[in-house]
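# Survey of secondary and tertiary structure
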Amino acid sequence: MSLIKSISGIRGTIGGKTGDNLTPIDTVKFAAAYGTWLKNNSEEKKLTVVVGRDARISGKMVQELTMNTLTGLGINVIDIDLSTTPTVEIAVPLEKADGGIILTASHNPKQWNALKLLNKKGEFLDGAAGAKILEYAEQDNFDFSEVDDLGTITRIDNYIDIHIEEVLKLKLIDADKIKKAGFKVVVDGVNSTGGIAIPKLLEKMGVEVVELYCEPNGYFPHNPEPLKEHLTDICELVKKEKADFGIVVDPDVDRLAFIDENGEMFGEEYTLVACADYVLSKTPGNTVSNLSSSRALNDITKKHGGEYKASAVGEVNVVQLMKDANAVIGGEGNGGIIYPDSHYGRDSLVGVGLFLTHLAEKNISVSELRKEYPAYYMSKNKIQLTPEIDVDEILKAMEEKYKNEEISTVDGVKIDFAENWVHLRKSNTEPIIRIYTEAKSQDKADDLAQDMIKEIKKIVG
């Protein structure tokens with residue numbers, strides 16, 4: 001299954017047959033469905049959509065197809081070209097646009113691309129809007145504009161710079177303090193747009209930058225998901241350069257991970273924990289993350305007198321619960337920081353600014369900062385799906401087996417044991433079941449995950 005249509009967009013591999021992969025025809029159809037949805041839900045005579053992309057090899061092709069489809073519908077396009085997901089998110093309201101499209105398959109390998117869709121607030125579409133767009137795409141019945149009514153394309157080349165200025169305006173980000181700390185930092189931009197944005201932001205804050213894989217050519221030098229097993233090069237370079245720490249982002253710069261001064265992972269789960277600790281120390285309040293995120297955020301929130309809530313996985317779900325709970329910070333345990341004072345979207349630039357200000361204020365090393373937080377360890381596993389596997393049946397069987405434990409079925413099945421937890425769910429973006437576990441040691445988390453995998457395999461037979 002190489003073409004995945006969901007309420008959050010369409011994602012697929014480049015090449016192959018129409019309807020099975022993200023071919024030019026599928027790209028045009030989905031862009032047309034989004035444009036049609038916008039036109040049907042707006043009073044405006046002339047609509048505007050911001051389009052940006054990560055540095056994937058297929059990016060330029062997919063971008064041209066998308067932009068020209070929108071202009072064919074009579075929609076004006078603001079082309080911000082090489083960009084990041086959060087940059088497009090902030091550009092939509094700044095440009096008073098009616099929507100936005102980010103062309104990125106996030107952490108997926110280079111053969112993948114996707115259209116991620118935004119509303120006029122620069123936030124991901126809700127389920128109802130996503131479902132409607134899928135319906136339009138299936139109907140394949142579009143009404144394109146006549147020649148005098150075609151849209152226009154306007155290019156703006158400096159939106160990453162505008163984004164950086166917006167980040168530096170935030171009250172809790174103190175560039176002067178960061179500059180005085182005299183940090184030396186290695187940045188792994190996975191040869192995508194993080195290689196443009198993160199070094200520029202750091203240099204603006206007076207940080208000495210050592211660049212690793214910061215050429216935005218789309219040839220990912222390692223698996224682009226920022227997990228420990230993919231990051232040996234930066235871990236070695238941090239030690240070799242005697243840097244204070246390392247920063248890693250995914251191709252569209254909405255996930256953020258840190259490496260400590262010893263070349264060890266800070267833990268992408270703890271990116272949000274550390275940023276939340278800092279934000280809550282200045283502006284007490286509530287926090288939100290998803291069900292697959294660490295218990296450590298709950299612990300830190302309670303320490304600051306706030307309330308923690310867990311949402312279903314998916315940025316749109318986290319954002320909605322953040323709004324409902326009036327959260328001052330939230331996000332996802334995959335290194336996604338959502339800070340409402342900036343915007344309701346995962347933003348690694350905001351995360352870098354908050355984390356570095358926190359570190360500069362505390363005047364300690366990254367490894368010492370990590371020791372201040374509760375020690376939990378996660379194991380993230382997956383089982384590849386085949387058409388004959390009935391995921392719902394598996395989840396029901398697991399729910400029944402552990403019915404005497406604390407169970408949440410908001411998103412898949414999460415089983416909370418006294419000392420640890422397991423979360424089983426079907427991925428929104430890949431044909432897999434995700435199995436996340438957390439315990440007070442890595443061995444226990446890994447063992448729990450393997451036990452769950454064995455049980456699932458028994459059910460599948």
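Summary of the structure given here. (Residues numbered from 1 in each chain as written. Predicted model: local features only at pLDDT ≥ 70, side-chain atom pairs only at ≥ 80, totals over all residues. Heavy atoms only, no water.)

## Overview of the packing of aromatic side chains
- What the rule picks out here adds up to nine aromatic pairs.
- Judged by centre distance (6.3 Å) and plane angle (70°), the ring pair of F142 and F144 falls under edge-to-face.
- Ring geometry for F266 against F355: centres 5.3 Å apart, planes inclined by 85°, an arrangement best described as edge-to-face. Here F266 is found in the loop between β11 (256-259) and α9 (268-282), whereas its partner F355 is found in helix α12 (residues 348-362), with 89 residues between them in sequence.
- In this structure an aromatic cluster arises from ring pairing among F183, F245, F258, F266 and F355.
- In this structure, R370 is placed above the aromatic ring of Y270, and the distance from its NZ or CZ to the ring centre is 3.5 Å.
- A cation over an aromatic ring shows up here: K414 above the ring of W421, its NZ or CZ 4.1 Å from the ring centre. (Phe/Tyr/Trp six-rings, centres within 6.5 Å; stacked < 30°, edge-to-face > 60°. Helix = DSSP H or I, 4+ residues; strand = E, 2+ residues; numbered from the N terminus. Lys NZ or Arg CZ within 6 Å of the ring centre and 35° of its normal.)

## Section: the nonpolar core
- Of all hydrophobic cores here, the largest spans 53 residues; its most connected members are L202, L354, F355 and L356.
- Among the elements that make up this core, the one with the highest residue count is α9 (nine residues).
- Ignoring anything within four residues of it in the chain, the contact list for L354 reads L172, I173, C275, Y278, V279, I329, I337 and Y339.
- V62, L115, L117 and L125 belong to the second largest nonpolar core, which has 30 residues in total. (Core = buried A, V, L, I, M, F, W, Y, C linked by side-chain atoms within 4.5 Å. Buried < 20%, exposed > 50% of the residue type's maximum accessible area, 1.4 Å probe, protein only. Contact = heavy atoms within 4.5 Å.)

## Side note on helix α8 (residues 232-240)
- Within the sequence span of α8, burial applies to I234, C235, L237 and V238. Down the axis of α8, the buried set is contained in an arc of 165°. They therefore lie on one face. Residues of α8 that are exposed and angled more than 90 degrees away from the buried face: E236 and K240.
- Considering only its buried residues, α8 is in contact with β8 (184-188), β9 (208-212), β10 (245-249) and β11. (Arc of directions from axis to C-beta.)

## A closer look at the sheet that holds strand β18 (residues 413-416)
- The strand order across the open sheet built from five strands is β16-β20-β19-β18-β17, with neighbouring strands paired in antiparallel fashion. On the outer flanks of this sheet lie β16 (377-384) and β17 (406-408), each paired with one strand and no other. Along the sheet, successive strands turn relative to each other by an average axial angle of 15°, direction set aside.
- Where β17 lies against β18, three bridges are found, and the strand directions are antiparallel. (Pairing = 2+ DSSP bridges. Axes fitted to C-alpha atoms, helices over the stretch in contact; angles between N-to-C directions.)

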